[in-house]
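# Close look at the chain arrangement
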Amino acid sequence: MKRLAIAVLISGRGTNLQALIDACADPDFPASIACVISNRPDAHGLQRARNANIPTRVVNHKEYETREAFEEALDEAVREFDVGLVCLAGFMRILTPAFVNRWRDRMINIHPSLLPAFRGLHTHERVIEAGVRITGCTVHYVTPEMDDGPIIIQAAVPVREDDSAEELAERVLMMEHKIYPEAVRLVALGKVRVAGTKVATEDAVFADNNLINPVAE
Ligand code: GRF
């Protein structure tokens, strides 16, 4: 089986990266991580990559005068590895349309809410503040607009009456770690494709048993 080579872009602790590393450790998983790239030299995720013998690169945004120059270097770093998919996993730089369009339909992201609700930062605080009963997480293709783009997979997580943002974040994160590898698997197997503003799926990809735990814990 030819596995899809992916680049994972991170900025921090890298627990989603770890979920992808763990999934890729299975030889039957249809993707493998060719490189991990961080914009922060101190990102803990870099250590996770090294522990798994995955090549790492740091493209430190602070060393570039402009966003364009930073993205040029980032693009070069990704291209060094001949990957078919870029996975943003807690990558905290906003990417310009130029970069996004270069990787159009070949770059995906995970966001800790049920998009299109609660785009942007401080998601869980805003979810609690809004009093919604159900939140969750989303893996989607990246388009120039932030936290937008065709949705590949989502999981729902109930919001408890007494939840703190931290508690809720932790429960959502557990679901993130399930759906991100699943999204990569579906992309790698060619079971999903971008069709306009949506993702089209092969029949039965999202049959009941594939819809991950929609409302239960
Ligand atoms: C996750 O909550 C992800 O949804 C968001 O950033 C966080 C990254 O966490 N985009 P980690 O670095 O993967 O632990």
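As a reminder, the structure under discussion sits directly above these lines.
All figures in this text were calculated on a predicted structure; none of them were measured in a lab. (Residues numbered from 1 in each chain as written. Predicted model: local features only at pLDDT ≥ 70, side-chain atom pairs only at ≥ 80, totals over all residues. Heavy atoms only, no water.)

## Examining the site of the ligand
The immediate surroundings of the ligand are formed by Arg13, Gly14, Thr15, Asn16, Gly90, Ile110, His111, Pro112 and Glu176. Residue Thr15 places a side-chain N or O atom 2.5 Å away from an oxygen atom belonging to the ligand. Backbone polar atom of Asn16 to an oxygen atom of the ligand: 2.8 Å apart, as the coordinates give it. Here the ligand has 370 Å² of accessible area as a free molecule, and 85% of this is covered by the chains. Among the cavities detected, the one that contains the ligand is the largest pocket. Residue assignment for the shell around the ligand shows that the elements contributing at least two residues are helix H1 (15–24) and strand S5 (107–111). Looking at the shell around the ligand, its residues break down into two nonpolar, five polar and two charged. Mapping the shell around the ligand onto the domain boundaries places at least three of its residues in each of domain 1 (1–103) and domain 2 (108–217). (Near = heavy atom within 4 Å. Polar contact = N/O pair within 3.5 Å; in protein donor to acceptor, adjacent residues only side chain to side chain. Areas by Shrake-Rupley, 256 points an atom, 1.4 Å probe, with all protein chains shown as cover. 1 Å grid on protein atoms, 1.4 Å probe; cavity = no way out; pocket = protein on both sides within 12 Å on 5 of 7 lines; lining within 4 Å. Sits in = over half its atoms within 2 Å of the grid points. Helix = DSSP H or I, 4+ residues; strand = E, 2+ residues; numbered from the N terminus. Nonpolar A, V, L, I, M, F, W, Y, C, P; charged D, E, K, R; others polar. Domains from an automatic or database assignment.)

## Some details on the pairing of strand S1 (residues 4–10)
Here S1 lies mainly inside the structure; six of its seven residues are buried. As paired elements, S1 and strand S2 (residues 31–38) share seven bridges and run parallel to each other. Across the sheet, residue Val8 finds its bridge partner in S2, namely Val36. Regarding topology, H1 serves as the crossover connection from S1 to the parallel S2, and that connection is right-handed. Taken together, the four bridges between S1 and strand S4 (residues 85–88) define a ladder with parallel strand orientation. Note that in S4 the partner of Leu9 across the bridge is Leu88. (Buried < 20%, exposed > 50% of the residue type's maximum accessible area, 1.4 Å probe, protein only. Pairing = 2+ DSSP bridges. Right-handed = clockwise from strand over helix to strand, strands pointing away.)

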